[in-house]
Amino acid sequence: MALHIGAVAPDFTQESTEGSIHFHDWIGKDWVILFSHPKDFTPVCTTELGAVSKLKPEFEKRHIKAIGVSVDPVESHKKWIADIEDTQNAKMNFPILGDSDKKVSKLYDMIHPEWNDTLTVRSVFIIDPNKKIRLIITYPASTGRNFQEILRVIDSLQLTDSHSVATPADWKQGQDVIIAPSLQDPDEMKKKFPKGWKELRPYLRVTPQPDK
Ligand code: BEZ
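What you are looking at is a predicted structure, and each value in this text was computed from that prediction instead of being measured. Sequence order as written defines the numbering, with residues in each chain counted from 1. For this predicted model, a pLDDT threshold of at least 70 governs which residues receive local features, and a threshold of 80 or more governs which side-chain atom pairs are given and counted, while totals over whole chains, interfaces and linings are taken from all residues. Side-chain calculation: all heavy atoms of the structure are included, whereas hydrogens and water are not.

Novice: Tell me about the packing of helix 2 (residues 43-54) against helix 4 (residues 74-88), and name the residues and values.
Specialist: Where helix 2 contacts helix 4, the axes come no closer than 9 Å and their chain directions differ by 70 degrees. Here helix 2 lies roughly perpendicular to helix 4, going by the angle between them. Along its contact with helix 2, which presents C45, T46, T47, L49, G50 and K54, the element helix 4 presents W80, I84, T87 and Q88. Helix axes are fitted to C-alpha atoms over the stretch in contact, other axes to C-alpha atoms as well, and angles between N-to-C directions run from 0 to 180 degrees. Strands here mean DSSP runs of E at least two residues long; helices mean DSSP runs of H or I at least four residues long; both are numbered from the N terminus. Note that the term roughly parallel is reserved for angles under 35 degrees, roughly antiparallel for angles over 145, roughly perpendicular for angles of 65 to 115, and oblique for everything else. Note on contacts: a residue pair is in contact if any heavy atoms of the two residues lie within 4.5 Å.

In structure tokens:
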């Protein structure tokens, strides 16, 4: 069955470069970026895993853990990690699942046979601390992912989960946000948005980011 935003992320136990992982236990109270790559020892994937390692300080600020997956075995991942660290000037600091039996790839629909029968595509899942899927993106094999965009989405999710707002196109931390259309009571709005707001249309009201 297709996975949807809002569904509980399927649980699994699988081997990784950091030992056996029971996914829901491993998530704990954190946000998770689960991302698949087609194959070890390939150029785009090498740059991606280096880029994700370098984002560790940004992940820590937001309580995010990253976890990679491909159908290559853990032993292969471990050999490849030496190349990643050498060429990307990065120290690997998150686990990669060795999904040789395709348990995780199948659970998360990461194999798209119209592209390739056996390899995983470049999938990304953002999973929240309640183990719910909050974002799904699939990239083609030839396009390295924009992990700044994935961080930006987590910033938006963390903000909109705790305030009655949504974020506009191309929003970044610190920029104005949109008041949720469901919020209509003026007294409640004044309490929630003491800096005020601009009503461009009754359904489009913008306010400074409330937690800044
Ligand atoms: C890569 O990571 O470079 C790659 C992997 C599979 C197909 C094409 C490119």
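Next comes the rest of the write-up.
Novice: Outline helix 2, supporting the account with residue identities and numerical values.
Specialist: One fewer than the residue count of a helix, multiplied by 1.5 Å, yields its expected span. With 12 residues, helix 2 should cover 16 Å at 1.5 Å per step; its first-to-last C-alpha distance of 17 Å lies within 8% of that length. When a residue's accessible area, from a 1.4 Å probe over protein chains only, is under 20% of the maximum for its type it is buried; when over 50% it is exposed; and in between it is partly exposed. Turning to helix 2, its buried residues number three or more, namely C45, T46, E48, L49, G50, V52 and S53.

Novice: Please set out the site of the ligand residue by residue, giving values where relevant.
Specialist: Residue proximity to a molecule or strand is established when one non-hydrogen atom of the residue lies within 4 Å of it. Close to the ligand lie P38, T42, P43, V44, C45, R122 and A141, which account for all nearby residues. The definition of a polar contact used here is a pair of N or O atoms within 3.5 Å, where within protein one atom must be able to donate a hydrogen and the other to accept one, and adjacent residues in sequence count solely through side-chain atom pairs. Here V44 contributes a backbone N or O atom positioned 2.7 Å from an oxygen atom of the ligand. With respect to the ligand, the side chain of R122 contributes an N or O atom lying 3.1 Å from an oxygen atom. When residues in the shell around the ligand are grouped by element, the largest group, 3 residues, is from helix 2. The class makeup of the residues in the shell around the ligand is 5 nonpolar, 1 polar and 1 charged. Charged means Asp, Glu, Lys or Arg here, nonpolar means Ala, Val, Leu, Ile, Met, Phe, Trp, Tyr, Cys or Pro, and polar covers whatever is left, Gly included.

Novice: Tell me about the sheet that holds strand 10 (residues 198-201), and name the residues and values.
Specialist: Here, any two strands with at least 2 DSSP bridges between them count as paired. Pairing within the open sheet is antiparallel, and its 4 strands lie in the order 8-9-11-10. Each edge of the open sheet carries a strand with a single partner, namely strand 8 (165-166) and strand 10. The pairing of strand 9 (residues 177-179) with strand 11 (residues 204-207) spans 2 bridges and is classified as antiparallel. Residue pairing across strands places V177 opposite T207, the latter belonging to strand 11.

Novice: Which residues make up the environment of F193, and what values go with them?
Specialist: Along the chain, the position of F193 falls in the loop between helix 7 (186-192) and strand 10. Between the alpha carbons of F193 and P208 there is a distance of 8.1 Å; along the sequence they are 15 residues apart.

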